[in-house]
Amino acid sequence: MHPHMLRHTFVTTMLDAGVSLRDVRIAARHADPKTTMRYDRAHKNLDRHPNYILAAYMASGT
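As the structure is a computational prediction, the values presented were derived from the model and not from experiment.

Rules used in this analysis
Residues numbered from 1 in each chain as written. Predicted model: local features only at pLDDT ≥ 70, side-chain atom pairs only at ≥ 80, totals over all residues. Heavy atoms only, no water. Salt bridge = Lys/Arg side-chain N within 4 Å of Asp/Glu carboxyl O. Buried < 20%, exposed > 50% of the residue type's maximum accessible area, 1.4 Å probe, protein only. Patch = residues over 30% accessible without salt bridge, like charges linked within 9 Å, V, L, I, M, F, W, Y side chains within 5 Å. Areas by Shrake-Rupley, 256 points an atom, 1.4 Å probe, with all protein chains shown as cover. Helix = DSSP H or I, 4+ residues; strand = E, 2+ residues; numbered from the N terminus.

### Some details on the pattern of salt bridges
Move 1: Under the defined criterion, the tally for this structure stands at one salt bridge.
Move 2: A salt bridge links Asp23 to Arg22, with the nearest nitrogen and oxygen atoms 3.1 Å apart.
Move 3: Asp23 sits in the partly exposed class, given a relative accessible area of 39%.

Spelled out as structure tokens, the structure:
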């Protein structure tokens, strides 16, 4: 086990918990958001896609 594994776990756990990409990037001290995005295992999850979130919001009538 090496230090990067702990960092990887830290970043992926935050993303899995729903912490915003911006906040995770800042906590991980990544200069480029693309670096943080590589850790996002759920980036293909439709439930987190902006269009899906907007459609659900509009359907709720709020």
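Right, picking up where we left off after that structure.
### Thoughts on a nonpolar patch on the surface
Move 1: A cluster of nonpolar side chains, namely Leu54, Tyr57 and Met58, defines an oily patch on the protein surface of about 350 Å² accessible area.
Move 2: By the secondary structure assignment, Met58 is in helix H4 (residues 50–59).

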